[in-house]
Amino acid sequence: MANSSLCIVLRASNYKENDKMLTLFSREWGRIDALARGCRKPASSLLAASDVLCCAEYAFHIKDGRYYITQAVPKTNFYDIRKNMNALMTALLLLEICEKTVMPAEPNGRLFALLAGALYALANGSDHKKVLLFFVYKMLDIQGLRPMLDACVLCGSEPATKINIAAGGVVCEHCTGEKVPPQYIEMIAGILHTPSKNIHTTELSYDKDFYNLGIRWLRSSLESEPKTLSLLH
Ligand SMILES: [Zn+2]
């Protein structure tokens, strides 16, 4: 197909009588707003590919810089995520983060693979907090904010088991930071070394403080607070 791309639907809004405006994360082109004409009619061939969380190969007609979906071949809609409220809220948070992060005409294949790997894990029963922790640290890496773990991020000295989130990594005994258990740093390193497709099969024995550290790190990396974050438990 000419002008076609594998995409995940980040947002879907009703438009006019039978249409939807979709915000898509395209593996090839970054963020795209595309009109799905007639997709709300029951017989529409686009019906199955016009909701959030759908992953499909979309074909477009591009006119005056606007994208019109002409065809869609659904791959998955991660259906089972909807059976668990925590999995669903986490998935919606990941979509919201991608919507804020992915720019039009800026392909980001690594973030696309991370989102797909995280949604697959959620659809297949992975612990939602584990999935979110993987997503946060791997996203930091992809965005050029990979936590520095092998030397003090402020002065380059031998690191202590201390972290400074704002500075972006571990710090030494003399620099400002918060003390953390040594295994926290090993866990972050382990996450960074795990391929996105292995999120589902990789164990992580985190505790409440490690989870909260991840959430604070996520917050510090985003310009605005995701709405979905406050709904998560
Ligand atoms: Zn230092």
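Residues numbered from 1 in each chain as written. Predicted model: local features only at pLDDT ≥ 70, side-chain atom pairs only at ≥ 80, totals over all residues. Heavy atoms only, no water.

Draft legend 1. Fine view of unusual backbone geometry. Within the chain, D64 stands out as a residue other than glycine whose phi angle is a positive 50°. Relative to the assigned elements, D64 resides in the loop between β4 (55-63) and β5 (66-76). We classify D64 as exposed; its relative accessible area is 73%. Unlike most non-glycine residues, F78 shows phi in positive territory, near 45°. Within the secondary structure, F78 is located in the loop between β5 and α1 (85-101). (Helix = DSSP H or I, 4+ residues; strand = E, 2+ residues; numbered from the N terminus. Buried < 20%, exposed > 50% of the residue type's maximum accessible area, 1.4 Å probe, protein only.)

Draft legend 2. Representation of the packing of aromatic side chains within the structure. Under the definition given, this model contains nine aromatic pairs. Ring geometry for W29 against Y67: centres 6.2 Å apart, planes inclined by 45°, an arrangement best described as tilted. Within this pair, whereas W29 is found in the loop between β2 (19-26) and β3 (30-36), its partner Y67 is found in strand β5, the two being separated by 38 residues in sequence. Residue classification places Y67 among the partly exposed positions, given a relative accessible area of 22%. Here the aromatic rings of F60 and Y67 are separated by 5.4 Å at their centres, their planes lie at 90°, and the arrangement is edge-to-face. By the ring-pair criterion, three or more aromatic residues cluster together here, those being W29, Y58, F60 and Y67. The residue whose ring lies beneath K129 is Y211, and the NZ or CZ to ring-centre distance is 4.9 Å. (Phe/Tyr/Trp six-rings, centres within 6.5 Å; stacked < 30°, edge-to-face > 60°. Lys NZ or Arg CZ within 6 Å of the ring centre and 35° of its normal.)

Draft legend 3. Just the nonpolar core, in detail. Among the nonpolar cores identified, the biggest contains 59 residues, and I81, L115, F135 and Y137 are the most heavily contacted of them. Going through the elements one at a time, β1 (4-15), α1, α2 (109-123), α3 (128-142), α4 (182-193) and α5 (208-221) are the ones with two or more residues in this core. Among the elements that take part in this core, α3 stands out by supplying 10 residues, more than any other. In this structure, this core is formed jointly by two domains, domain 1 (4-76) and domain 2 (80-231), each of which donates at least three residues. L115 has contacts with I8, L10, F25, L94, L95, C98 and F135, leaving out every residue within four places of it along the chain. (Core = buried A, V, L, I, M, F, W, Y, C linked by side-chain atoms within 4.5 Å. Domains from an automatic or database assignment. Contact = heavy atoms within 4.5 Å.)

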